[in-house]
Amino acid sequence: MFVDEIDIFVKGGDGGAGCVWLEADPALTTLLDYHYKRHYHAERGQHGEGGNRHGRSGGDLLLRVPLGTLVADRDTGERLGDLTASGQRVLAIRGARGGRGNARFATSTNRAPRRADLGRPGPERWLHLELKLLADVGVIGFPNAGKSTLVSRLSAAKPRIADYPFTTLEPTLGIVRVDAERTFVIADLPGLIPGAALGKGLGHQFLRHTERTRLLLHMLDLDPGTGRDPIDDLHVINRELAAYSPELARRPQVVVANKSDLPEAAPRRDKVEQYCAANDLPLFVISAATGAGLVDLVRGIATALEKA
Ligand SMILES: Nc1nc2c(ncn2[C@@H]2O[C@H](COP(=O)(O)OP(=O)(O)OP(=O)(O)O)[C@@H](O)[C@H]2O)c(=O)[nH]1
Ligand SMILES: [Mg+2]
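Not measured: the values here are computed from a predicted model.

Chemist: Teacher, can you tell me more about helix H2 (residues 147–154) here?
Modeler: Working note: α-helix, 3.6 residues per turn, so residues spaced by three or four point in the same direction. Counted residue by residue, H2 has six buried out of eight residues, so it is predominantly covered. Listed in full, the buried residues belonging to H2 are Lys 147, Ser 148, Thr 149, Leu 150, Val 151 and Leu 154.

Chemist: Just checking my understanding: could you explain unusual backbone geometry for this structure?
Modeler: Comment: phi is negative for the bulk of residues other than glycine, and the bulk of peptide bonds are trans. A positive phi angle, close to 75°, is found at Asn 144, a residue other than glycine. With respect to the helices and strands, the residue Asn 144 is situated in the loop between strand S9 (137–141) and H2. Even without glycine at this site, Phe 166 takes up a positive phi of about 60°. By the secondary structure assignment, Phe 166 is in the loop between H2 and strand S10 (172–177).

Chemist: Honestly, the environment of Leu 134 in this entry has me stumped. Any pointers?
Modeler: Looking at the secondary structure, you find Leu 134 in the loop between strand S8 (124–131) and S9. Separated by 78 residues in the primary sequence, Leu 134 and Arg 212 have C-alpha atoms spaced 5.9 Å apart. With residues up to four places along the chain from it excluded, the contact list for Leu 134 reads Leu 67, Gly 68, Thr 84 and Arg 212.

Chemist: How should the nonpolar core be read in this particular structure?
Modeler: Note that soluble globular proteins tend to have their nonpolar side chains buried in a common cluster. Core analysis: the biggest nonpolar cluster contains 42 residues, and Val 137, Val 139, Ile 186, Leu 220 and Val 256 have the highest contact counts within it. Top contributing element to this core by residue count: strand S12 (residues 215–221), with five residues. Filtering out sequence-adjacent residues up to four positions away, Leu 220 remains in contact with Gly 141, Ala 145, Pro 230, Asp 233, Leu 234, Val 255, Val 256, Ala 257, Asn 258 and Val 272. Grouped together as the second largest cluster of nonpolar side chains are 17 residues, Leu 22, Ala 24, Leu 67 and Ala 92 included.

Chemist: Hey, could you run me through the site of ligand 1 in this one?
Modeler: Residues in contact with ligand 1 amount to 23 residues; listed here are only the nearest, Gly 146, Ser 148, Thr 168, Gly 191 and Ala 289. In the shell around ligand 1, the residues fall into 10 nonpolar, nine polar and four charged.

Chemist: I would appreciate a short explanation of the sheet that holds S8 in the present structure.
Modeler: Strand-to-strand pairing in sheets goes through backbone hydrogen bonds, with the strands running parallel or antiparallel. Strand order across the open sheet formed by five strands is S3-S1-S8-S5-S6, with mixed pairing between neighbours. With one partner strand each, in any of the chains shown, strand S3 (39–41) and strand S6 (79–83) form the two edges of the open sheet. Neighbour to neighbour, the strand axes of the sheet diverge by 25° on average, direction disregarded. Judged from the seven bridges that link them, strand S1 (residues 5–11) and S8 form a sheet pairing that is antiparallel. What sits directly across from Val 10, in S8, is Arg 125.

The rules behind these values
Residues numbered from 1 in each chain as written. Chains lettered and ligands numbered in written order. Predicted model: local features only at pLDDT ≥ 70, side-chain atom pairs only at ≥ 80, totals over all residues. Buried ≥ 20, exposed ≤ 12 C-beta atoms within 10 Å, placed from the backbone. Helix = DSSP H or I, 4+ residues; strand = E, 2+ residues; numbered from the N terminus. Contact = placed C-beta atoms within 7 Å. Core = buried A, V, L, I, M, F, W, Y, C linked by C-beta atoms within 7 Å. Near = placed C-beta within 6 Å. Nonpolar A, V, L, I, M, F, W, Y, C, P; charged D, E, K, R; others polar. Pairing = 2+ DSSP bridges. Axes fitted to C-alpha atoms, helices over the stretch in contact; angles between N-to-C directions.

Written out as structure tokens, the structure is:
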């Protein structure tokens, strides 16, 4: 299960120190752990001991979250942090102030005062955690277009591939090497369908993961077996992006026409080529299955990323 949005309860230690921190850990890819355990309580401070010694401060609690996690106070909406770098931390809640023993109130005339403060109970709050994956490129398109096949070809990622729609149920990140110096991160996403922005299919839930990409690969299916027109598909998906976020609709796109290996794909390929030329859209005709066109595509993406 892929969890990219969740509320958790955090409480600082009672009576002295014991803060709760969140830290970005690149080994994590989902907030799933927090689905199973929602309440986190830092250690309380210890009672003071005799002989003017302080009580030990409570231990801090460190919660690990994936890179790209946004942290907010659930109730006020206040943004507490955006954890985008490995090891980056945000203080989720402080521990309470510790108590003060009677020695702290002693004066020259009252060496054994009866006054002492108790430590306060730890402050607490609900946090809203939202994961927005950090990728350079997001692959969008109708289900079954071949998005996962492409990502599995270009990177070491191993997303599930199958000849039916909605094979991909969660985003997967892959690292693509361009040349000796350059790499980029590509995100394979679940397929989009009309109404995705309104919650149809799986798309809407995952559109958030395109928000932090710099470039969208818009994949069209050249297989006439879809019964759809690839240019219509392009418009349909672009309308979904616009309905979700006008900003996303303006994100630079590279059109990728896939399944060019199919002999019956030729007329659709011609149509897509004409349309993209007429509308000044960058187009790469590929076969993710045979690998045709992939070297040019990777170079094209790298160039587009430099411009974006
Ligand atoms: N002939 C041909 N088939 C392809 C090509 N690329 C992918 N396919 C096939 O198309 C089907 C769907 O491929 P996926 O990569 O799972 O498609 P997807 O876009 O990730 O699909 P969802 O995850 O459901 O959105 C599989 O049967 C693939 O083998 C291609 O270039 N040529
Ligand atoms: Mg897929």
